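Topology and contacts: notes
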Amino acid sequence: MAEYSSVYGFSAPVIVWEHEMAADNTPTAQDLLGFEGATILSYVGAGGITFDASNKLEIKLLHGDDATYGNATAVAAEDVIMPSGETLGSGGIIRSFTAAKAAADTAMHAVGYVGKKRYLYVLCDFSGTHGTGTDVTASLLKDRAVSQPVGQTNYDPSTTPY
C-alpha cells in the first residue's frame, strides 16, 4: 500500500457488511467526497460450504460517478493497489474463493482504491448453491483527505476504557 503523510488523513472505518451470508448483498454507495482514496478491508470465515469453480464466493469492487448502484462499473487495475503477489480479477474481483476454505482468515485483507470516482461499492458475490452461510465482513476506510484533520483530533488513548 502507498504511504501517507498524516494519520489525520483517514476517516473512521465504515462497516459495509458484516454477517453470515449465503447470497449476494445489495451494495450501498460509499461516498468518497472529500477524500482521494480508500482502503477496503475484508475478512472471510471458514467456508459454509466447500467452495469450487461453480460454488464460489467473490468480493468485487465497483465504482461510479453517482450513487446509483446500477450505474457502477468494475474497477480497473489502475484504480486499485492489490496486496503483493495478487492481481485484480476480471469484473473487479479483489478476492475469490474457488477451493475449500477450512479456516477463517487470520488477518484482514486490505486493498487500496486510488481511482477517480466518487462512489465505491463492495459486492459479496455468491455463485452456485450455498445452503450454509459464510461469515464475511467488509469495512471501508476513506483516506488521503483533501482537508485535514479528519474527525477527532484530541484523542487520548489513556482514557479508553478497554
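Here goes a summary of the coordinates provided. (Residues numbered from 1 in each chain as written. Predicted model: local features only at pLDDT ≥ 70, side-chain atom pairs only at ≥ 80, totals over all residues. Heavy atoms only, no water.)

1. Focus: the overall build of the chain
On a plain count of helices and strands, the chain comes out with zero helices and 10 strands. Moving toward the C terminus, one meets the helices and strands of the chain in the order β-β-β-β-β-β-β-β-β-β. Split into buried and exposed, the 162 residues of the chain put 42% on the buried side. For the chain, long-range pairs separated by at least 24 residues make up 87% of all intrachain contacts whose partners lie at least 6 apart in sequence. (Helix = DSSP H or I, 4+ residues; strand = E, 2+ residues; numbered from the N terminus. Buried < 20%, exposed > 50% of the residue type's maximum accessible area, 1.4 Å probe, protein only. Contact = heavy atoms within 4.5 Å.)

2. Structural notes on the pattern of salt bridges
This model, assessed by the stated rule, comprises eight salt bridges. Residues Lys101 and Asp105 are paired through a salt bridge, measuring 3.0 Å at the closest nitrogen-oxygen approach. With a relative accessible area of 15%, Asp105 lands in the buried category. Residues Arg144 and Asp143 are paired through a salt bridge, measuring 3.9 Å at the closest nitrogen-oxygen approach. A residue is classified by how much of its surface remains accessible, and Arg144, at 26% relative accessible area, is partly exposed. The buried category is assigned to Asp143, whose relative accessible area is 0%. Beyond isolated ion pairs, a larger network of salt bridges with shared partners links Lys56, Glu58, Lys60 and Asp125. (Salt bridge = Lys/Arg side-chain N within 4 Å of Asp/Glu carboxyl O.)

3. A short note on the side chain of Arg95
Structurally, Arg95 is set in strand S7 (residues 93-97). In this structure the side chain of Arg95 is engaged in a polar contact, spanning 2.9 Å, whose partner is the side chain of Asp105. (Polar contact = N/O pair within 3.5 Å; in protein donor to acceptor, adjacent residues only side chain to side chain.)

4. Description of the pairing of strand S8 (residues 109-113)
Of all five residues in S8, four are buried, a share of seventy percent or more. Here strand S3 (residues 35-44) runs beside S8; their pairing, made up of five bridges, is antiparallel. Note on S8: the bridge partner recorded for Leu41 is Ala110. Two strands pair when backbone bridges link them, and strand S6 (residues 80-81) and S8 are joined in this way by two bridges, in the antiparallel orientation. In the sheet register, Val80 faces S8, and the bridge partner there is Tyr113. (Pairing = 2+ DSSP bridges.)

5. Quick word on the side chain of Asp79
Tracing the sequence through the fold places Asp79 in the loop between strand S5 (73-74) and S6. One buried charge, Asp79, has no salt-bridge partner; the nearest side chain with opposite charge is Lys117, at 8.0 Å. Those residues within four positions of Asp79 in sequence are excluded, and the remaining contacts are His63, Gly112, Tyr113, Val114 and Gly115. (Lys, Arg positive; Asp, Glu negative; His and termini not counted.)

6. A short note on the environment of Tyr113
With respect to the helices, strands and loops of the structure, Tyr113 is situated in strand S8. According to the relative accessible area criterion, Tyr113 is buried, its value standing at 0%. Residues Tyr113 and Lys142 lie 29 residues apart in sequence; the distance between their C-alpha atoms is 9.2 Å. Residues in contact with Tyr113, not counting those within four places in the same chain, are Leu32, Glu36, Gly37, Ala38, Ile40, Leu61, His63, Val75, Asp79, Leu120 and Arg144. Separated by 2.8 Å, the side chains of Tyr113 and His63 make a polar contact. A distance of 3.1 Å separates a polar atom in the side chain of Tyr113 from the backbone nitrogen of Lys117.

7. What to know about the packing of aromatic side chains
Applying the stated criterion to the full structure yields two aromatic pairs. Each ring, one from Phe51 and one from Phe97, has its centre 6.2 Å from the other, and the planes form 40°; the classification is tilted. Here Phe97 lies in strand S7 and Phe51 lies in the loop between S3 and strand S4 (56-64), a separation of 46 residues in the sequence. Accessibility assignment for this pair places Phe51 and Phe97 in one class, buried. (Phe/Tyr/Trp six-rings, centres within 6.5 Å; stacked < 30°, edge-to-face > 60°.)

From the geometry alone we can't say anything about function, so treat these as descriptive.
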